[in-house]
Structures are given as structure tokens and as C-alpha cells.
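# Inside the fold
The residues making up each chain are set out below.
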Amino acid sequence: MRKRLNLAYKITALLLLAIYVLLFKYIMVLENQPENANAITAIYWATTTVATVGYGDVVFTSLSGRVFSIVVQVMGIILISGFLATYVITPWMDRVIKFRLPRKVSSGTKDHIIICGYNQLVETLIDELAEQEITFIIIEDEEELIKELVYRDIPCIFGTPSDKQTLMNAGIEKARILIANKSDERNANIVLTAREFQHLNIIAIVEDRSNSKYLKYAGADTVVSPKSMFGQFIGRKAMDRLVSRVTGATEIFKGVHVTEFPVYLKSPLIGKTLKEVSSQRLTGARIVGVWKSGNLSFNPEEHDVIRGNSVLLAVGTPEELSKLKKLTH
């Protein structure tokens, strides 16, 4: 986003300078000052006026020329402000934020949930946690993600999740649950480090189901495999529409479950985008994954369209998931 803004700023500045030069030459001819109607003098006048220096050696005498000068001066202030904001203030603020990235929770934090790794699945849990007034902290080692979380006032600290000192900074001694939500390899390291704290309930999110046993060996109390949920559900698909309640749901923590739903041909969701389903607040449940083109995507796009052969992975309370289940039929 920042790169696009920088490019847009540069293009705008160049276009304005070209327009200023052309208008300058045109008005100079109208004012019978042909000796000034050249590119060098035009660029000289434009730069001194934009910078609000205005030496006064090249001036307009007509009303239209003076109005043009006023416009250029005002736009010059805006352009210079934009330059300072883009190339001076913003980089400086980035350095300040980087220096002040949160690295430790307050000493009073207790009975909280530590989430190692931020992604769309975690995003769906934030509202649920806030609703139930459950304290949580996210550990991330990607600076851009931490900056975004800080900007959104989401509790987080910067650090390596598998590092013992980082976990100590997250208050692991007083935490009740730790969720390892990185890659399988990194999750194993996180679990091994966290298992030193015997009181802790450790949940690991596994990408490859075959790695589940290794995470359990490392010390995970519960291993959740979202991909395997889809496979299990496909086996029940034929009889699923006879079941009114939510089945096959896995409880991530108290009151919050993750489960999957196939979308049937008569479902009112067919043809709607994920953004439309989310914005209409039809169920309260959040869709965090979609099976499409033979692949499971954990980062569905808002413009993705729900089709008759789609399978949705959703997170929510049992009531919210039940509402979504009814809409998939």
C-alpha cells in the first residue's frame, strides 16, 4: 500500500509540473512576454512558486496569471506537505514504532490465552474472545503484522514464539492456554518450549495431519487439523442434511468451535461472495477457510463466490454455527 501511495505521489507531482509549465508558457504569450515563454524559465518559475520562494523576477501581470500563481502556491504547500509526510515523517514514525514495538505484557495479566502466530483463523477468534471478556495476547515475529495489530489496539507482543524469554514476556507462568498457530515445524519448537510449564493447556494447529503425533510427542494436549476435518466431513455428507445440529465440531476453547460445512444446491448462500455473507451478519459465524479447485485455502478472498460444491470452514459458537448450517442447505 505504501509503495502504491509513493508511486501515486510521484506521478501526481510530475503531471502537475508538466501542467504548470504548459500553462505558464501559454499565459506568458497572452501577456506579451514571449521572452519568458520557454521551458527553462517555466520550470524555474514553477519550482520557485511551488516552493513558495517567489523571487519576483518572473511575474504575471494579468488577473488570470495571478490566479494561476495562487493555485500553484497552494498546491505547492500540499505537495511539500505530502513529500514531508511520505519521505520524512512516515519513515521516522516507522523507526519510532519499531523501537517501541510491544515486547512484554503487564505484570497484572493472568488467566489469559497466548496465541503464537496471527492469521485469518485468529482474526475470527478476536471478537469471540472480546465478547466473552477473555484476556489474550498474540505473539508475532513479523514487524508489519505487529504494527497492524498495535494500530488496531489488539493485545500483542513482538518476539519469537519458540523463545522462552518471549513466552515469559507474554506471561506464560500465569496463562491458562497456549495456541501454537505457526508452521508444523515451528509449532513443535513452540510446544517443546512451552511444555516446561506443566499447568498450561497447549493446543497446536497442524497443517499436515501426519505431523499430529510429533506435536503430541512434543507435549501438545490437543492437536487440531482443519484440513482433516474436511475429509471427515465429506464421508458424512450424504447423511448430513438429516442432522439438524452441528456435528463434527472441534472446540478450540470454551464456547468457541471450528467445523466445516458443505454447501448444497438449494442453499441461499450460492452466488454470494464471502464479503456479502459477512457484511449481512446472517449468522455471526466467521468463514476462515474454503475448499476450492481441489485445494483448501485458509486465506479466502472477500470476492470469492460460494458455489454448490464449496465446503466452508467456520468458527463460532454452537448457536452461530447452527445458523450457518441451516443456510448451507
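For the structure itself, look to the data block above.
All of the points below concern the structure found in this document. All figures in this text were calculated on a predicted structure; none of them were measured in a lab.

## Quick word on the pattern of salt bridges
Counted by the stated rule, this structure contains seven salt bridges. The partner of Glu144 in a salt bridge is Lys147, and the shortest N-O contact between them spans 3.7 Å. Residue Glu144 and its partner Lys147 are located together in helix 5 (residues 143–151), separated by three residues, close to a single helical turn. You can call Glu144 exposed: its relative accessible area is 53%. One salt bridge connects Glu148 with Arg152, and the closest N-O pair in it is separated by 3.5 Å.

## Quick look at helix 7 (residues 184–194)
Buried within helix 7 we find Asp184, Asn187, Ile190, Val191, Thr193 and Ala194. Along its buried surface, helix 7 packs onto strand 1 (113–116), helix 6 (164–169), strand 4 (177–180), strand 5 (201–205) and helix 8 (212–218).

## Focus on the pairing of strand 8 (residues 256–262)
In terms of residue burial, strand 8 counts as a mostly covered element, since seven of its seven residues are buried. Here strand 8 shows two buried faces, one formed by Val256, Val258, Glu260 and Pro262 and the other by His257, Thr259 and Phe261. Strand direction decides the pairing type here: strand 8 and strand 11 (residues 311–316), joined by six bridges, are antiparallel. Its bridge partner being in strand 11, Thr259 is matched across the sheet by Ala314.

## A short note on the sheet that holds strand 1
The parallel open sheet is built from six strands, whose spatial order is 3-2-1-4-5-6. Each of the sheet's edge strands pairs with one partner strand only, and the pair in question is strand 3 (156–158) and strand 6 (222–224). For this sheet the average axis-to-axis angle between neighbouring strands, irrespective of direction, equals 20 degrees.

Reading the values: the criteria
Residues numbered from 1 in each chain as written. Predicted model: local features only at pLDDT ≥ 70, side-chain atom pairs only at ≥ 80, totals over all residues. Heavy atoms only, no water. Salt bridge = Lys/Arg side-chain N within 4 Å of Asp/Glu carboxyl O. Helix = DSSP H or I, 4+ residues; strand = E, 2+ residues; numbered from the N terminus. Buried < 20%, exposed > 50% of the residue type's maximum accessible area, 1.4 Å probe, protein only. Contact = heavy atoms within 4.5 Å. Pairing = 2+ DSSP bridges. Axes fitted to C-alpha atoms, helices over the stretch in contact; angles between N-to-C directions.

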